[in-house]
Amino acid sequence: MAKKSKHTSWDLSPAPESTGHVDIKKKYDLFIDGKFVKPKSGKYFNTINPASEQVLSSVAHANEADVDRAVKAARKASGPWQKLSRKERAKYIYRIARLIQERAKEFAVIESLDGGKPIRESRDVDVPLAANHFFYTAGWADKLEYAFPNRKFAPYGVAGQIIPWNFPLLMAAWKIAPALATGNTVVLKPAETTPLTALKLAELIQDADLPPGVVNIITGEGDTGAAIVNHKDIDKIAFTGSTGVGKIIRKAIAGTKKKATLELGGKAANIICEDATIDQAVEGIVNGIYFNQGHVCCAGSRLFVQESVYDEVLEKLKFRIESLVVGDPLDKNTDIGAINSKEQLHTIEKYIKAGKAEGAIMYQNNCDLPSKGFWCRPTLFTNVSQSSKIVQEEIFGPVLAIQTFRTIAEVISKANNTPYGLSAGVWTDKGSKIFNLSSQMNAGVVWANTYNKFDPASPFGGYKESGIGREGGLHGLQAYLKF
Ligand code: ADP
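Computed from a prediction, not measured in an experiment: that's the story for all the values here. (Residues numbered from 1 in each chain as written. Predicted model: local features only at pLDDT ≥ 70, side-chain atom pairs only at ≥ 80, totals over all residues. Heavy atoms only, no water.)

S.K.: What should I look at first to understand the site of the ligand in this one?
M.R.: In the vicinity of the ligand, 15 residues are found, and the nearest of them are Ile163, Trp165, Lys189, Glu192 and Ser242. Trp165 places a side-chain nitrogen or oxygen 2.9 Å from an oxygen atom of the ligand. Within the contact set of the ligand, an oxygen atom lies 2.8 Å away from a side-chain nitrogen or oxygen of Lys189. In isolation the ligand offers 550 Å² of accessible surface; the protein chains occlude 78% of this area. Broken down by element, the residue count for the shell around the ligand peaks at three residues, all from helix 8 (residues 222–230). (Near = heavy atom within 4 Å. Polar contact = N/O pair within 3.5 Å; in protein donor to acceptor, adjacent residues only side chain to side chain. Areas by Shrake-Rupley, 256 points an atom, 1.4 Å probe, with all protein chains shown as cover. Helix = DSSP H or I, 4+ residues; strand = E, 2+ residues; numbered from the N terminus.)

Shown next, in the form of structure tokens:
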């Protein structure tokens, strides 16, 4: 059993300063029915630090029998969890939020160690947003009848949740919080390269005294994810990951009782109009594509610049790219951390090669890279054609493709011309243009004069091959209820 937290009362006073103590165990079992249990598979795999290639921990690899055990625990817990008063459920969710705040520093360090992202981002974005997500949904948990007035609703039952490696704790929060607030129980699987913060969350859930089986966290690879998707006693699948796996899941659940929310890939276009405040726009573009090494489904990976300001934008972008610090994720001055895995680095390198082969012109920050670990310099391409791979396909890395445009009609048709429709950005000083452009963009989220801004109250999700359904806000709660 994990040690009891000092903060297990319903106390909502400010969290004490975290000690910064980081506790990573050598070996992690599966979190099922409120306990860590050995996998029936008998198998474990290593999770490494992508900045040093050192092994951080050995983690259980759940097989079908393990998934079955977790689903049975979630099913057993489902009735009592649904019967609990909404107020009681809300208290548990508040408690999780509070404990995340208390342990924020530890979560941030582990997130950066396991995933490679800069500590500034884990500390200022991932961890606080994860806590906020629990706070937000806890607020709704006992007020659902006001959220959905005059409608009868009930939780689905057991939710199977599969998350990616780019925002491991935050994605776990996006999944677990709304499921709990609506009275569902959960079997969640983190990605194989970043299991540690989800396992820390399992310890925290133990400390929060959540009834056993309400949240089960099992680790494994794609086969474990497939076993969750195919398990007969799961009512709802929530998946965030690649469009390829999203399509496999859609096929697998077609014709079954299972409902699904799928949050998949993207190829977001940022549009800089000639009347934009250029310095502000350049900052936004840099944040949009290089934040989290571009491992972001809504990364602003395409940029359209109106011809009259193109030279100025390009010069300022190059200057800004030069100043980005690439290196140790735990250094708080780092802007660009490690690429999450060797495989992902190969994928990115393949796209960079394809860009060059297609005749695009590459520009990179020319810094030195550490000798160990997986690294990619922030990169931009100009002279790209609309049909090229680096414009059409999701790279999931720090690679920006820049095109120019003359008219609004032209840029809208190009911006909408990819298989994706997750997000977009508009940069202009004219309010009317914001409405005009954003209403024509085929994207679930359009940011104006800002980028990558998230709030638990805002729904997030895409059109076309970017997915089905919305997460966040009331839409995110609705996705876990049958009406
Ligand atoms: P990426 O390609 O960016 O690694 P994936 O979509 O492969 O993203 O992975 C996202 C999550 O989906 C991970 O937790 C992974 O283990 C899981 N996964 C991979 N393959 C499958 C599958 N066939 N069915 C269900 N989940 C899967």
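S.K.: Explain the packing of helix 2 (residues 86–102) against helix 4 (residues 119–141) to me, please; I cannot follow it from the model alone.
M.R.: When two helices pack together, you describe them by how their axes are tilted relative to each other and by the distance separating the axes. The geometry of helix 2 relative to helix 4 is characterised by a closest axis approach of 8 Å and an angle of 165 degrees between their N-to-C directions. Relative to helix 4, the element helix 2 lies roughly antiparallel. As for how helix 2 packs across helix 4, the hand of that crossing is left-handed. The segment helix 2 lies against helix 4, with Arg86, Ala90, Ile93, Tyr94, Ile96, Ala97, Arg98, Ile100 and Gln101 engaging Val127, Ala131, Phe134, Phe135, Thr137, Ala138, Gly139 and Ala141. Split into classes, the residues belonging to the contact of helix 2 with helix 4 amount to 12 nonpolar, three polar and two charged. (Axes fitted to C-alpha atoms, helices over the stretch in contact; angles between N-to-C directions. Parallel < 35°, antiparallel > 145°, perpendicular 65-115°, else oblique. Left-handed = near helix turned anticlockwise from the far one by under 90°. Contact = heavy atoms within 4.5 Å. Nonpolar A, V, L, I, M, F, W, Y, C, P; charged D, E, K, R; others polar.)

S.K.: Help me understand the packing of helix 2 against helix 7 (residues 196–207) in this model?
M.R.: Viewed as axis vectors pointing N to C, helix 2 and helix 7 meet at an angle of 125 degrees, and their least axial separation amounts to 10 Å. It follows from the interaxial angle that helix 2 and helix 7 lie oblique. Crossing of helix 2 against helix 7: the hand is right-handed. Judged by residue contacts, Ile96, Leu99 and Ile100 of helix 2 engage Leu201, Leu204, Ile205 and Asp207 from helix 7. Looking at the contact of helix 2 with helix 7, its residues break down into six nonpolar, no polar and one charged.

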